[in-house]
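Below are the chains, spelled out letter by letter.
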Amino acid sequence: SDVCSSDLLVGLDVGTSKVAAIVGEAMDDGSLDIIGIGLAESKGIRRGVVNNVDSAAEAITKALDEAELTAGVEIDTVHLALSGAHVKAFNSRGVVAVAGRNREIARDDVKRAIDAARAVALPSGREILHVLPQDFVVDDQDGIGVPVGMTGSRLEVNVHVVTGSTSSMQNMVACVNRAGVEVVETVLEQLAASEAVLTPDEKELGVALVDIGGGTTDFAIFERGSLWHTGVLAVGGDHCTNDIAVGLRMPIPDAEKLKRRSGCALTALVPEDEHMDVASMAGRRSRVMPRRVLSEILQPRAEEICHLLWDEIRKAGYEKSLNSGMVFTGGGAMLEGMVEIAEQIFDLPVRRASPEGVGGLADHVNNPAFATAVGLVMYAHRNLQNEAPRVGAGAIGRITGRLRTLFKEFF
């Protein structure tokens, strides 16, 4: 195809319930178009950790094949989202003396300060995924966003350091490699999702991003434009499905369908006279039940997720920072009543968010379940734009072509 492979960005989100591959194309005007989508049911992954390499690789291959087919391109590299309970993050601080003679802070000083902040003794078997600068302090002036060009004798930086278990990360990368593609970069799941669903104003004022997946609920807290806290809860949408399967005695796949079709996390929103069809175990006849029965099963679990989340936010000391409220995304956020129950519990504005800011097949990914996969592509795209413009093979070809025509004119 005529798409240059360097303009292609592929996001791969390998979750507990689905594997999503999204192909984006960087357009000449700096915008980003989604040109391919691949989905597969996830196997061999539980709560962000691989427990069966073959099954996981098979699911990843399926999603990538479908994405290649819809995009009409060949995929050889991907940006991979990482999540799971093995991801641990903390805030750190680095201090350096400013090197220049005239005490003007240069890029190199900033780099040294960040390196000093990342020089933390990690337990064995862990490695650093991201070092994300939060703000800088020059001498005694704090809260500085970009210190380059300022004058001072000491430079401090606050950073958010995200680490993961080396073996968990290697296993995940191995599955992706086995599917025949290379991982260019691993990105924290919450960081990716935030690219697709949060507005700059929300990040500035203070917001909690909550991504409710199948096996886990990942959250991140942004304030003053930076990431300050990340965490993972070991509950997600699958727990709701299991509750339904046990409570109504039905097979798990049927429970999942029922949850998507008729589920509501807030009983008060369900009219008393509404009924639903409920499948039964092992070939018995299906039953008709009030829809309220379902929401009475779902509500306690939804409340539990919210309470666990609030405990974590309070423990980390950010309950007063969420001035623009909370943003719910991920497949679990699609459950009717989830946002309303969260607003009651947190007493904050809560909104449900789908990926925004992309073109192309945008209406096909306009769904909270695609926040991470689309966010990965947006994250990669933003980093592309921030880099110095590289002269790609295409550009060199064009330049030599131009030179040839010039030479022809002169000689």
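Note: the structure precedes this text.
The text that follows walks through the structure, step by step, so that each part is easy to find. (Residues numbered from 1 in each chain as written. Predicted model: local features only at pLDDT ≥ 70, side-chain atom pairs only at ≥ 80, totals over all residues. Heavy atoms only, no water.)

The two faces of a sheet get side chains in turn, since along a regular strand they alternate between them. Bridge count for strand S8 (residues 126-138) against strand S10 (residues 154-165) is 11 bridges, and the pairing is antiparallel. Residue Pro-133 lies in a different strand from S10, and its bridge partner there is Val-159. Sheet topology places S8 next to strand S9 (residues 141-144); 2 bridges connect them, and they run antiparallel. Along S9, the bridge assignment pairs Phe-136 with Ile-144. (Pairing = 2+ DSSP bridges. Helix = DSSP H or I, 4+ residues; strand = E, 2+ residues; numbered from the N terminus.)

So, on to the nonpolar core. Counting 67 residues, the largest nonpolar core has Leu-12, Ile-22, Val-23, Ile-60, Leu-64, Val-78 and Val-374 as its most contacted members. No other element matches the 8 residues that helix H10 (residues 371-386) contributes to this core. The contact partners of Leu-64, leaving out residues within four places of it in the chain, are Leu-12, Ala-21, Ile-75, Val-78, Ala-179 and Val-181. In this structure, Met-289, Ile-305, Val-339 and Ile-341 belong to the second largest nonpolar core, which totals 42 residues. (Core = buried A, V, L, I, M, F, W, Y, C linked by side-chain atoms within 4.5 Å. Buried < 20%, exposed > 50% of the residue type's maximum accessible area, 1.4 Å probe, protein only. Contact = heavy atoms within 4.5 Å.)

Right, let's talk about the environment of Ala-56 for a bit. Within the secondary structure layout, Ala-56 lies in helix H1 (residues 53-71). Residue classification places Ala-56 among the buried positions, given a relative accessible area of 1%. If near-sequence neighbours (up to four positions away) are discounted, Ala-56 is found in contact with Lys-43, Gly-44, Ile-45, Val-50 and Cys-175.

Within the secondary structure, Ser-83 sits in the loop between strand S6 (77-82) and strand S7 (88-97). Overall, Ser-83 belongs to the buried group, its relative accessible area being 14%. With residues up to four places along the chain from it excluded, the contact list for Ser-83 reads Gly-48, Glu-189 and Asp-218.

What follows deals with the packing of helix H6 (residues 237-247) against helix H8 (residues 291-315). At a closest axis distance of 9 Å, the pairing of H6 and H8 adopts a crossing angle of 140°. The angle between H6 and H8 falls in the class oblique. Note that H6 runs across H8; the crossing there is right-handed. Residues His-239, Cys-240, Asp-243, Ile-244 and Gly-247 of H6 lie in contact with H8, whose contacting residues are Leu-294, Ile-297, Leu-298 and Arg-301. The residue inventory of the contact of H6 with H8, partitioned by class, reads 5 nonpolar, 2 polar and 2 charged. (Axes fitted to C-alpha atoms, helices over the stretch in contact; angles between N-to-C directions. Parallel < 35°, antiparallel > 145°, perpendicular 65-115°, else oblique. Left-handed = near helix turned anticlockwise from the far one by under 90°. Nonpolar A, V, L, I, M, F, W, Y, C, P; charged D, E, K, R; others polar.)

Take unusual backbone geometry next. Phi is positive for Arg-47, close to 50°, though the residue is something other than glycine. Checked against the element boundaries, Arg-47 lands in the loop between strand S4 (45-46) and strand S5 (49-50).

A word on helix H9 (residues 338-346). Within the sequence span of H9, burial applies to Met-338, Val-339, Ile-341, Ala-342 and Phe-346. Burial along H9 is one-sided: seen end-on, the buried residues are contained in an arc of 160°. Elements that come into contact with the buried residues of H9 comprise strand S12 (207-212), H8, strand S17 (326-329) and strand S18 (350-352). Directly beyond the C-terminal end of H9, a positive phi value near 55° is found at Asp-347. (Arc of directions from axis to C-beta.)

Our next topic: the packing of aromatic side chains. On inspection of all chains with the given rule, the structure shows 1 aromatic pair. Centre to centre, the rings of Trp-310 and Phe-346 are 5.4 Å apart; their planes meet at 45°, and the pair counts as tilted. Taken together, the residues Trp-310 in helix H8 and Phe-346 in helix H9 connect sequence positions 36 residues apart. A relative accessible area of 5% places Phe-346 in the buried class. One cation-aromatic arrangement involves Lys-203 over Phe-222; the distance from NZ or CZ to the ring centre is 5.4 Å. (Phe/Tyr/Trp six-rings, centres within 6.5 Å; stacked < 30°, edge-to-face > 60°. Lys NZ or Arg CZ within 6 Å of the ring centre and 35° of its normal.)

Function cannot be read off these values alone, since they describe shape.
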